[in-house]
Amino acid sequence: GSLSKYKDQEFFQNNELITVFDGEYLYVYRPFTTMLYTDGTDEVKTNEMLKNERKEYIQSLMDKSMVKLSEDVNVDLTKQVLFLSTCDYTFENARLLVGCVMIEKVKY
């Protein structure tokens, strides 16, 4: 539910880190895109891709963003990415996607 806050540009810029702890590692991610898509479409892919395909695909998601990082922030699209998705009610079968790139992994 809190993901919907990332639709606001100011919130997006002021909450630039998302952390995930799996019991062994703390992963630190930086959101780089927020977008809407229709559930059941091919817009969001989950399969393995070649390195150049992956970079082009992630760039295409950034191009569809409703909110994204400012142009002066570089995102290393070769790093691990995390996609967080939830229901959205902007249109029928809408899903909200927040794309994040890993910037740090710390063992605990």
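Here goes a summary of the coordinates provided. (Residues numbered from 1 in each chain as written. Predicted model: local features only at pLDDT ≥ 70, side-chain atom pairs only at ≥ 80, totals over all residues. Heavy atoms only, no water.)

Quick notes on the overall build of the protein chain
Move 1: When its secondary structure is counted, the protein chain shows two helices and five strands.
Move 2: Order of helices (α) and strands (β) in the protein chain, N terminus to C terminus: α-β-β-α-β-β-β.
Move 3: For the protein chain, the proportion of its 108 residues judged to be buried stands at 31%.
Move 4: Intrachain contacts of the protein chain at a sequence separation of at least 6 include 62% that bridge at least 24 residues. (Helix = DSSP H or I, 4+ residues; strand = E, 2+ residues; numbered from the N terminus. Buried < 20%, exposed > 50% of the residue type's maximum accessible area, 1.4 Å probe, protein only. Contact = heavy atoms within 4.5 Å.)

Looking at the pairing of strand 2 (residues 25-38)
Move 1: Burial runs high along strand 2: 10 of the 14 residues are buried.
Move 2: Relative to strand 2, strand 1 (residues 18-21) runs antiparallel, the two sharing four bridges. Each bridged residue has a counterpart across the sheet, and for F21 the counterpart in strand 2 is L26.
Move 3: In this structure, the hairpin formed by strand 1 and strand 2 is closed by a connection of three residues, where G23 is found at a positive phi of approximately 95 degrees.
Move 4: Pairing of strand 2 with strand 5 (residues 94-107), which is carried by 13 bridges, proceeds in the antiparallel orientation. Pairing of T34 across the sheet is with V98, part of strand 5.
Move 5: Pairing geometry for strand 2 and strand 3 (residues 67-68), over two bridges, is antiparallel. Each bridged residue has a counterpart across the sheet, and for T33 the counterpart in strand 3 is K68. (Pairing = 2+ DSSP bridges.)

A closer look at the packing of aromatic side chains
Move 1: As enumerated under the stated definition, the model contains five aromatic pairs in all.
Move 2: Each ring, one from F21 and one from Y108, has its centre 5.7 Å from the other, and the planes form 80 degrees; the classification is edge-to-face. Separated by 87 residues along the polypeptide, F21 in strand 1 and Y108 in the segment after strand 5 bring together distant segments of the chain.
Move 3: Residue class for Y108 comes out exposed when judged on its relative accessible area of 64%.
Move 4: Here Y27 and Y29 contribute two aromatic rings whose centre-to-centre distance is 6.4 Å and whose plane-to-plane angle is 25 degrees, an arrangement assigned as stacked. Y29 matches Y27 in its accessibility class, with the two residues each being buried.
Move 5: Geometry around Y25 places K105 over its ring, the cationic atom sitting 4.3 Å from the centre.
Move 6: Lying across the ring of Y25, K107 places its NZ or CZ 5.1 Å from the centre. (Phe/Tyr/Trp six-rings, centres within 6.5 Å; stacked < 30°, edge-to-face > 60°. Lys NZ or Arg CZ within 6 Å of the ring centre and 35° of its normal.)

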